[in-house]
Amino acid sequence: MKKMIFTVLAAAVAASASAATYKVDEAHTNARFAIDHFNTSTNVGGFYGLSGTVDFDKTKRQGKIDITIPVSTLQTGSQHFTDHLKAPDLFNAEKFPEMRFVSTKFNYVGKKLTSVDGNLTLLGQTHPVKLKAEKFNCYNSPMAKAEVCGGDFSTTIDRTQWGMNYLVDSGVTKKVKLDIQIEAVKQ
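In this text, all values refer to a predicted model and were calculated from it rather than measured experimentally.

> Just checking my understanding: could you explain the overall build of the protein for this structure?
Broken down by element type, the protein carries two helices and 10 strands. In sequence order, the secondary structure elements of the protein are arranged as α-β-β-β-β-β-α-β-β-β-β-β. Principal-axis analysis of the C-alpha atoms gives the protein an extent of 75 × 30 × 30 Å. For the protein, the share of sequence-separated contacts (at least 6 apart) that also reach a separation of at least 24 residues comes to 54%. When the accessible surface of the protein is totalled, it reaches about 10,700 Å², and 56% of it is carbon and sulfur. A gap of 11 Å separates the mean positions of the 23 positive and 18 negative side-chain charges of the protein.

In structure tokens:
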């Protein structure tokens, strides 16, 4: 009986050891976008200084991502363009200073993470998105002196779902490509 109890306890401890919380590393996490500009060029920009957590259980192949994206960190390479994107007709940074992504499910094929389902909140509206996992890995970081998990994720959204309709009637596409890089350090 004692052996059975010990075996059950050891299994429970081992299972809980694979579940961990990771804090987002702001220096290695960002969200970038690209949108066609009247079929002539592509406008790009990015958000930096993201914060949040990743809860991940390797054994169960389950997790949760909760990332906050500060609109104030938007950069495009042109101050004029950046200021325009922060204006009320686009990101409306004063009224909506943050965007947020919260996952609902990690999707695997075998042992490979292929996508993450979740909800994106933008301009005060929340809608589902699926992020394709371009790559995902955990490793022991010699710099952080801890385990780090992260990956590259991408999706394309219809910005009008969130009420971002600026210049759609004039021919600017509704489709926006998003690339999100996340690295998080085990706590």
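> Can you walk me through the side chain of T155 in this structure?
Summarising the element assignment, T155 is placed in strand β9 (residues 146–158). With a relative accessible area of 13%, T155 lands in the buried category. Within the local environment of T155, its side chain forms a polar contact with the backbone oxygen of K130, the two atoms lying 2.9 Å apart. Non-local contacts of T155, meaning those with residues more than four positions away in its chain, are made with K130, L131, V176, K177 and L178.

> Quick question: what am I supposed to make of the pattern of salt bridges here?
A side chain with one charge can pair with a side chain of the opposite charge if their charged atoms come near. Inspection of the entire model under this criterion finds five salt bridges. Residue K58 pairs with E147 through a salt bridge whose shortest N-O separation is 2.3 Å. You can see K58 sitting in the loop between β4 (51–57) and β5 (62–70) and its partner E147 sitting in strand β9, a full 89 residues away along the chain. The partner of K135 in a salt bridge is D152, and the shortest N-O contact between them spans 4.0 Å. Taken together, the positions of K135 in strand β8 (residues 125–141) and D152 in strand β9 put the pair 17 residues apart, joining distant regions of the chain. Judged by relative accessible area, which is 54%, K135 ranks as exposed.

> Which parts of the structure should I look at to understand the environment of Q62?
With respect to the secondary-structure elements, Q62 resides in strand β5. You can call Q62 partly exposed: its relative accessible area is 47%. Note: C-alpha distance between Q62 and H127 (65 residues apart in sequence) is 21 Å. Discounting residues that sit within four places of it in the chain, Q62 has contacts with D55, F56, D57 and F106.

Cut-offs and rules
Residues numbered from 1 in each chain as written. Predicted model: local features only at pLDDT ≥ 70, side-chain atom pairs only at ≥ 80, totals over all residues. Heavy atoms only, no water. Helix = DSSP H or I, 4+ residues; strand = E, 2+ residues; numbered from the N terminus. Contact = heavy atoms within 4.5 Å. Areas by Shrake-Rupley, 256 points an atom, 1.4 Å probe, with all protein chains shown as cover. Lys, Arg positive; Asp, Glu negative; His and termini not counted. Charge placed at Lys NZ, Arg CZ, Asp CG, Glu CD. Buried < 20%, exposed > 50% of the residue type's maximum accessible area, 1.4 Å probe, protein only. Polar contact = N/O pair within 3.5 Å; in protein donor to acceptor, adjacent residues only side chain to side chain. Salt bridge = Lys/Arg side-chain N within 4 Å of Asp/Glu carboxyl O.

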